[in-house]
Amino acid sequence: MEPSRLRDMPLYNSRIINSFILLVKHKYSHVDINELLEYAGMKDYEVADQAHWFRQDQVDRFYERLLQMTGNPKIAREAGRYAASPDVLGAMRQYILGLVDASSTFDIISKATANFTRSTTYHSRRLASNMVEITVTPAEPGLEKLYQCENRIGFFEAIVLMFNHKLTDLQYFPEIRHLPTIQQPECVFRGDPVCRYIVTWEKSVFTYLKKARNLLAPVLVAANLLLLFSLQGEGGLQILLGSLCLFLLVSLAAETSEKRAVKEGLSSTNQSIESLLEQIDLNYNNAMLTHEIGQRLGNFTRLEEMLMDVADIMQRRLEYDRGAIFLVNGDEGRLQLRASYGYGAGELACLNGLDLPLDPNGAGKDVYVACLKEQRPFLVNDLELEKETLGRRTLACALKNGTRAFICCPVVSDGTSLGVLTAENVKAKRPLVERDVSLLMGTASIIGISYRNCELIGALEQAKQELEERVEQRTADLEQSRRKIELQHEELTRTLFELEEETAQRLQALEQLGEKERMLLQQNRLAALGEMISNIAHQWRQPLNELGLIVQELPVMYDRGGLSREYLGESVARFMKVLTHTSRTIDDFRNFFKPDKEAVSFRVAEVVQKTLSLVQESFRHLQIAVDLQIKGDPVITGHPNEFSQAILNILFNARDAFLDRRIERREIRVAVFEEQGRSVVTVRDNAGGIPEGILEKIFAPYFTTRGPERGTGIGLYMSKMIIEKNIPGRLTARNVAGGAEFRIEAPGKARRVERPD
């Protein structure tokens, strides 16, 4: 089954969970609400915040644990009924009661439910004055659970009960009589695409009276006509007056009942408006707080004035009892109280006595220090539950000052923590929620900006004063400097002439250095020439022996009479094959010593193979086994012969190590491969490795451990020069298990060169 795309999104408003919590407090006092919320991954202030939303998995865990703790399988339906109580809906309940009847409430359900859930959409349709059809369409199949369907049914029952019984507090459970009838012809938990509910309830008194009035008029007219006709006009006036009085009494009763319902609705609406006005007044104060702080703090240049003004604005605009601002004292390395409001002298003494060092080895864990260092707010509604977070000193001070709940927010500017802003409640008003945290965080950010503004202006004033002093001093120095300029000009002219001469000398030195490098390269080639003569001897010994055998075989076959034209042709073919191989060997050696005129693109594997062919017979004679591994086809740009010479120098270095140390099993492993877009060649031997003391010196010119009579000490130096300057690439050496490994890295070429036919 495809995973749900909505499961990890917030779908359910906190008011839904709040209705469960209030029901538990009202009827199931034995249930530990803190344990219940902790199991569900919820916080008490999140439930109290009407702007907070929960995920499906949180709501599922909440119901699962609540079902275990209450043992009531109908708890979801009961909570749905209780959701319409005054404890839960508050001002919203008064607004609903102002709609006169239940059908009016169901008419607006499609809009109202969007404020409670995002997992479904609601659509209502009035079927009669006491009957509605509600269609609930899930946003995603399989997201909701069966208990949520039962919770909806309970809520629909509660809406009807509000109007038909006008209860001050729903007596919510099986004791309720005259419950509305709720039919469910379709349900997603029975395989249907939607949940469809048909809600039917008893009609109200004024509905019956209005219906009786409407039916009574034609009945009375017909009865009066019939009586007048049967009595031939006798007593007609009395009958007519009696019928009219009866009709007026019924009409009056219907109108009185309807006016009473309207009056009750208006009263509820008035209460709802008063509650909303209180909320609007709170929002206005919050907006004015931000506006005043942002407008006024930008004009302050002194930090103390700015902090005092912030405290004054917070006291006038916020509904918190007390507030304080702590700032970092860099000299002492601790938080220090700088401004406050609402505290008495003794309470301020307690705050000033807090020891809040920023050193981690200081006074231990503290909420103010954690807020500053972690740059995140802390909200505490219960001091006892959060005692570990608060810290020993801060908890003792809060209890002594009578603090019930508080928020602390970091004052930050440009990523730097400057201090902490706190607000406290002493009286039990309402729980502090995330909205309060957001408000104080906005205030703290403005304080941070103003703090930096005061610092910058102060620094600017100080810089201005210092600048004036420097200008005076500079003016005095300028006259003296002017007199020195002429002397300095003459000195600069002489210096320029000397620099030109020095530059010419350096250019000459660079040319000489280049010439020395060319001489070193030639010297290395000459040294390699001696090696090649030995290799040529080994390379040609086998072909010459084979040619000698062919020539010696001819007179023998002639004496035996087997010298036929066919045999002579085969002998000539063998002879020419050996000569061709020998000629190709000569070309390989000649090409090795031919200087490269310009850099070209070449395949690394081909150059390595040709280089190994030059020393193949020589190494075989010395019982040195060479294993070549090629992976990929790396291509680089450079001088192939110089690259081959660098490989040869490394191979000869390994050969000399075998001979000097008299290694019996002699193996060299050569690998060619590509790594992260670079061409790599590694040469690894088992000759015992390089002593750590000289590992960093082996590429130095004229450095050798074999003595001047057996080595020149320029082979590895020239290899490094060739690889790192001419390609350019990188040559390194390291010790591995049993030997040493030389590694050549060079930038690879993006375009692959096709192999020739």
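Residues numbered from 1 in each chain as written. Predicted model: local features only at pLDDT ≥ 70, side-chain atom pairs only at ≥ 80, totals over all residues. Heavy atoms only, no water.

A. How the structure looks around the sheet that holds strand β10 (residues 405–413). Ordered in space as β8-β7-β11-β10-β9, the five strands form an open sheet in which the pairing is antiparallel. Strand pairing shows two members of the sheet lacking a second neighbour, β8 (334–341) and β9 (378–380), which therefore form its edges. Neighbouring strand axes in the sheet, compared pairwise and without regard to direction, differ in orientation by 20 degrees on average. Lying on the sheet, helix α14 (residues 345–352) is in contact with β7 (322–329) and β8; it crosses β8 at an angle near 160 degrees. On the sheet, helix α15 (residues 367–374) packs against β7, β8, β9, β10 and β11 (416–425) and is oriented at approximately 135 degrees with respect to β11. (Pairing = 2+ DSSP bridges. Helix = DSSP H or I, 4+ residues; strand = E, 2+ residues; numbered from the N terminus. Axes fitted to C-alpha atoms, helices over the stretch in contact; angles between N-to-C directions. Contact = heavy atoms within 4.5 Å.)

B. View of the packing of aromatic side chains. Within the structure shown, the criterion is met by seven aromatic pairs. Note on F20 and F62: the rings are 5.8 Å apart at their centroids and 85 degrees apart in plane angle, and the pair reads as edge-to-face. With a gap of 42 residues between them, F20 in helix α1 (residues 14–27) and F62 in helix α4 (residues 56–70) connect regions that are remote in the sequence. The interplanar angle of 90 degrees and the centroid separation of 6.2 Å between the aromatic rings of F699 and F742 together place this pair among those described as edge-to-face. Note that F699 is positioned in the loop between β16 (678–685) and α23 (715–726) and F742 in strand β18 (residues 739–747), a separation of 43 residues in sequence. Taking relative accessible area as the criterion, F699 reaches 14% and is therefore assigned buried. In this structure, K720 packs its charged tip against the face of F699, placed 4.6 Å from the ring centre. (Phe/Tyr/Trp six-rings, centres within 6.5 Å; stacked < 30°, edge-to-face > 60°. Buried < 20%, exposed > 50% of the residue type's maximum accessible area, 1.4 Å probe, protein only. Lys NZ or Arg CZ within 6 Å of the ring centre and 35° of its normal.)

C. Spotlight on the state of the cysteines. Across all of its chains, the model carries one disulfide by this definition. Across the disulfide from C350 sits C397; the S-S distance is 2.3 Å. Of the two residues, C350 is situated in helix α14 and C397 in helix α17 (residues 392–400); the sequence distance between them amounts to 47 residues. The pair C350 / C397 is uniform in exposure class, with both members buried. Considering cysteine sulfurs only, C408 is the nearest to C371, which forms no disulfide, with 4.0 Å between them. According to the relative accessible area criterion, C371 is buried, its value standing at 0%. (Disulfide = S-S within 2.5 Å.)

D. Seen up close, a nonpolar patch on the surface. A grouping of Y558, L563, L568, V572 and M576 is seen on the molecular surface, where their side chains present a nonpolar patch of about 470 Å² in accessible area. Broken down by element, the residue count for the nonpolar patch peaks at three residues, all from helix α19 (residues 565–593). Examined against the element boundaries, L568 turns out to sit in helix α19. Overall, the relative accessible area of 38% leaves L568 in the partly exposed class. (Patch = residues over 30% accessible without salt bridge, like charges linked within 9 Å, V, L, I, M, F, W, Y side chains within 5 Å. Areas by Shrake-Rupley, 256 points an atom, 1.4 Å probe, with all protein chains shown as cover. Salt bridge = Lys/Arg side-chain N within 4 Å of Asp/Glu carboxyl O.)

E. Geometry of empty space enclosed by the protein. As enumerated under the stated definition, the model contains two cavities of 30 Å³ or more in all. Counted as a void, the largest cavity has a volume near 60 Å³. Along its surface, the largest cavity is lined by L351, Y368, T394, C397, A398, N401, T403, F406 and E424. In terms of residue count, the dominant contributor to the lining of the largest cavity is α17 (three residues). (1 Å grid on protein atoms, 1.4 Å probe; cavity = no way out; pocket = protein on both sides within 12 Å on 5 of 7 lines; lining within 4 Å. Points joined across faces, edges and corners; volume = space filled by probe spheres on them.)

F. Geometry of a negative patch on the surface. A cluster of like negative charges, contributed by E466, E468, E469 and E472, occupies part of the molecular surface. Position of E472 relative to the elements: it lies in helix α18 (residues 434–560). Classification of E472 as exposed rests on a relative accessible area of 61%. (Lys, Arg positive; Asp, Glu negative; His and termini not counted. Charge placed at Lys NZ, Arg CZ, Asp CG, Glu CD.)

G. Structural detail: the nonpolar core. V608, F643, L651, I668, V681, F742 and I744 are the most contacted members of the largest nonpolar core, which has 41 residues in total. Of all the elements in the fold, those that place two or more residues in this core are α20 (604–614), α22 (640–661), β15 (666–675), β16, α23, β17 (730–736) and β18. With 10 residues, α22 is the largest single contributor of residues to this core. Residues contacting I668, with those up to four places away along its chain left out, are F619, I624, A625, V626, D627, L651, A654, F658, V683, R684 and D685. Core analysis: the second largest hydrophobic core is formed by 29 residues, F20, Y28, A40 and Y82 among them. (Core = buried A, V, L, I, M, F, W, Y, C linked by side-chain atoms within 4.5 Å.)

H. Examining the pattern of salt bridges more closely. Overall, the coordinates contain 22 salt bridges when judged by the stated rule. Between R734 and E741 there is a salt bridge, and its shortest N-O distance comes to 3.0 Å. In this structure R734 comes out as partly exposed when scored by relative accessible area, which is 45%. We classify E741 as buried; its relative accessible area is 8%.

I. The arrangement of the packing of α1 against helix α5 (residues 75–82) in detail. Running from N to C, α1 and α5 point in directions that differ by 100 degrees, and their axes come no closer than 9 Å. In terms of orientation, α1 and α5 fall into the roughly perpendicular class. Note on element contacts: α5 touches α1 through I75, A76, E78, A79 and Y82, opposite S19, F20, L22, L23, H26 and K27. (Parallel < 35°, antiparallel > 145°, perpendicular 65-115°, else oblique.)

J. Seen up close, the environment of L731. Relative to the helices and strands, L731 resides in strand β17. With residues up to four places along the chain from it excluded, the contact list for L731 reads I650, F699, S719, K720, I723, E724, F742, R743 and I744.

K. Just the sheet that holds strand β6 (residues 195–200), in detail. A sheet is described by the order of its strands in space; here four strands give the open sequence β3-β4-β6-β5, paired in antiparallel fashion. Of all the strands in the sheet, just β3 (120–128) and β5 (181–186) have a single pairing partner and so form its edges. On average, adjacent strands in this sheet sit at an angle of 20 degrees to one another, irrespective of strand direction. Pairing analysis gives six bridges linking strand β4 (residues 131–138) to β6, with the strands arranged antiparallel.

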